[in-house]
Amino acid sequence: MRVGVLTGGGDCPGLNAVLRAVTRKGISVHQHEIIGFRNGWLGPVEDLTTPLTLDSVEDILNRGGTILGSSRTNPYKVEDGVGRLKAVLQRHRIDALIAIGGEDTLGVAEQLFAEGVPVVGVPKTIDNDLDATDYTFGFDTAVHIATEAIDRLRTTAESHHRALVVEVMGRHAGWIALHSGLAGGANVILVPEQPFSVEKVCDWVERRFQRQYAPIIVVAEGAVPEGGEAILATGERDAFGHVRLGGVGNWLADEISRRTGKESRAVVLGHVQRGGTPTAYDRVLATRFGLHAIDAVTDGDFGTMVALRGTEIVRVPLRDATASLKTVPVERYAEAEVLFG
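Since we're looking at a predicted model, the values are computed, not measured.

Reading guide: rules and limits
- Residues numbered from 1 in each chain as written.
- Predicted model: local features only at pLDDT ≥ 70, side-chain atom pairs only at ≥ 80, totals over all residues.
- Heavy atoms only, no water.
- Helix = DSSP H or I, 4+ residues; strand = E, 2+ residues; numbered from the N terminus.
- Contact = heavy atoms within 4.5 Å.
- Domains from an automatic or database assignment.
- Buried area = accessible area lost by both parts, 1.4 Å probe.
- Salt bridge = Lys/Arg side-chain N within 4 Å of Asp/Glu carboxyl O.
- Expected span 1.5 Å × (residues − 1).
- Buried < 20%, exposed > 50% of the residue type's maximum accessible area, 1.4 Å probe, protein only.
- Phe/Tyr/Trp six-rings, centres within 6.5 Å; stacked < 30°, edge-to-face > 60°.
- Pairing = 2+ DSSP bridges.
- Axes fitted to C-alpha atoms, helices over the stretch in contact; angles between N-to-C directions.

Peer 1: Go over the environment of Pro225, please, and point to the residues and values.
Peer 2: As for its placement among the helices and strands, Pro225 is situated in the loop between strand E8 (216–220) and strand E9 (232–237). Taking C-alpha positions, Pro225 is 39 Å from Glu312, a pair spaced 87 residues apart along the chain. When near neighbours in sequence (up to four residues on either side) are disregarded, Pro225 contacts Pro195, Phe196, Val198 and Trp251.

In structure tokens form, the structure reads like this:
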């Protein structure tokens, strides 16, 4: 078989581990030929290809990002994008396609499968918000980076007796904020799923200062105050209709200073959360996903996504993964709320 593979959406630690596993097992065990499409869905639309060989994936396990490049291209938003994509697959005699990505990339994969394209999905997102899988690779690395940042910021917050607001990624789901906040001992954690009271946040900050400690507030970029709206970095939308969020950390730090009279600063971690070397956990999970994805292709089990259930890798319908986002349940947030203040 000639198997195409692409990485779409935001880059993510562990992508190269998937590519390595797909290529090594695909060639060595199944005798497939692996063709990489560059820059996400733009690759099969614009005919941007590169062969993946045993040599080309030899030393990429610990590298962040993706050797294939990525983009947020949506072929359904490009003029004759789907027709051009299908023509490219036919031209290169592609028997199956492995799409590695999040809700947008896999949403396109599901649509293409409905139109007859043989595709298998691999879940990737640092936000951990894809349904039908317990965890996505990239999430553990993002949490690790955010937790380390919180640990480092705590010492400077204590030295200067100021409140520090740490803004992390999380458009609609607060998994990174929840896990890094818990691991870093944050005094307040704010997530998109639970609108927050600025007054209550300031009360927690005051209580922390009264105990002679500096408060750390972790806030997801998509968190909103009660009765308010998400704060946008710009009003522009990408090819999948997403606006660019950003600014809630600075806004909240200013509100805390204004309402409490205490010095407050904001730190926006931004893309540092998705860059650099993947953790050991993400390397292992991504590798297992890749091994099982190429098996699904070999079995002809198209329209599926590999997923983690407990400690096992299983196959689930693509539609189950993209039907709804996996958000932080109320009870999980309530666990953390006990530790606020």
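Now, onward.
Peer 1: Provide a residue-level description of the domain arrangement of the protein, including the pertinent values.
Peer 2: Domain boundaries assigned for the protein yield domain 1 (2–137 + 278–322) and domain 2 (139–275). Once you take the C-alpha centre of each, domain 1 and domain 2 turn out to be 32 Å apart. With 23 residues of domain 1 in contact, the opposing surface of domain 2 contributes 17 residues. Of the roughly 1700 Å² buried where domain 1 meets domain 2, counting both sides, 57% is carbon and sulfur surface. Put simply, domain 1 and domain 2 have 0 salt bridges between them.

Peer 1: If you had to explain helix H5 (residues 139–160) to someone new, which residues and values would you point to?
Peer 2: For H5, built from 22 residues, the straight-helix expectation of 32 Å at 1.5 Å per residue is met to within 8% by its first-to-last C-alpha distance of 31 Å. Every buried residue of H5 is accounted for by Phe139, Thr141, Ala142, Val143, Ile145, Ala146, Thr147, Ala149, Ile150, Leu153, Arg154 and Ala157. Two residues or fewer after H5 comes His161, characterised by a positive phi angle close to 55 degrees.

Peer 1: Tell me about the side chain of Thr136, residues and numbers included.
Peer 2: Secondary-structure assignment places Thr136 in the loop between strand E5 (119–123) and H5. With a relative accessible area of 1%, Thr136 lands in the buried category. Excluding its chain neighbours within four sequence positions, the residues that come into contact with Thr136 are Pro123, Thr125, Asn128, Leu130, Asp282 and Leu285.

Peer 1: Requested: an account of the packing of aromatic side chains, with residues and values cited.
Peer 2: Under the definition given, this model contains 4 aromatic pairs. For the pair Tyr135 and Phe139, a centre-to-centre distance of 6.0 Å together with 25 degrees between the ring planes defines the contact as stacked. According to the relative accessible area criterion, Tyr135 is partly exposed, its value standing at 31%. On the numbers, 5.1 Å between centres and 80 degrees between planes, the contact of Trp204 with Phe340 is edge-to-face. Of the two residues, Trp204 sits in helix H7 (residues 198–210) while Phe340 sits in the segment after helix H11 (330–337), which places them 136 residues apart along the sequence.

Peer 1: Hey, could you go over the sheet that holds E8 for me, with residue numbers and the actual values?
Peer 2: As summarised here, the arrangement of the 4 strands in space is E7-E8-E6-E11, forming an open sheet in which the pairing is parallel. Two strands close off the open sheet at either side, each with one partner strand: strand E7 (188–190) and strand E11 (264–268). On average, each strand axis in the sheet is inclined to that of its neighbour by 15 degrees, with strand direction left out of account. Sheet topology places E7 next to E8; 3 bridges connect them, and they run parallel. When the sheet's bridge partners are listed, Ile189 is paired in E8 with Val218. Of the strands in this sheet, strand E6 (163–168), E7 and E8 are in contact with H7, which crosses E7 at around 160 degrees. Each of E6, E7, E8 and E11 is contacted by helix H8 (residues 248–260), which is oriented at about 175 degrees to E11, the strand it contacts most.

Peer 1: Summarise the sheet that holds strand E2 (residues 33–37); cite the residues concerned and give the values.
Peer 2: If you trace the 7 strands from one edge of the open sheet to the other, you get E3-E2-E1-E4-E5-E12-E13, paired in mixed fashion. The outermost strands of the open sheet, each flanked by one partner alone, are strand E3 (49–52) and strand E13 (312–317). Neighbour-to-neighbour, the strand axes of the sheet open up by a mean angle of 30 degrees, direction not taken into account.

Peer 1: Give a description of the pattern of salt bridges that names residues and reports values.
Peer 2: Inspection of every chain in the model, using the stated rule, returns 14 salt bridges. Put simply, Arg84 and Glu46 hold a salt bridge, and the shortest N to O gap is 2.8 Å. On the criterion of sequence distance, the pair formed by Arg84 in helix H3 (residues 81–91) and Glu46 in helix H2 (residues 42–46) is long-range, its members being 38 residues apart. By relative accessible area, Arg84 is classed as partly exposed at 27%. A salt bridge links Glu263 to Arg162; the nearest nitrogen and oxygen atoms lie 2.9 Å apart. Pair noted here: Glu263 is in the loop between H8 and E11 and Arg162 is in the loop between H5 and E6, with a separation of 101 residues, a long-range link. A residue is classified by how much of its surface remains accessible, and Arg162, at 16% relative accessible area, is buried. One salt-bridge network, in which partners are shared between bridges, spans Arg162, Glu263 and Arg265.

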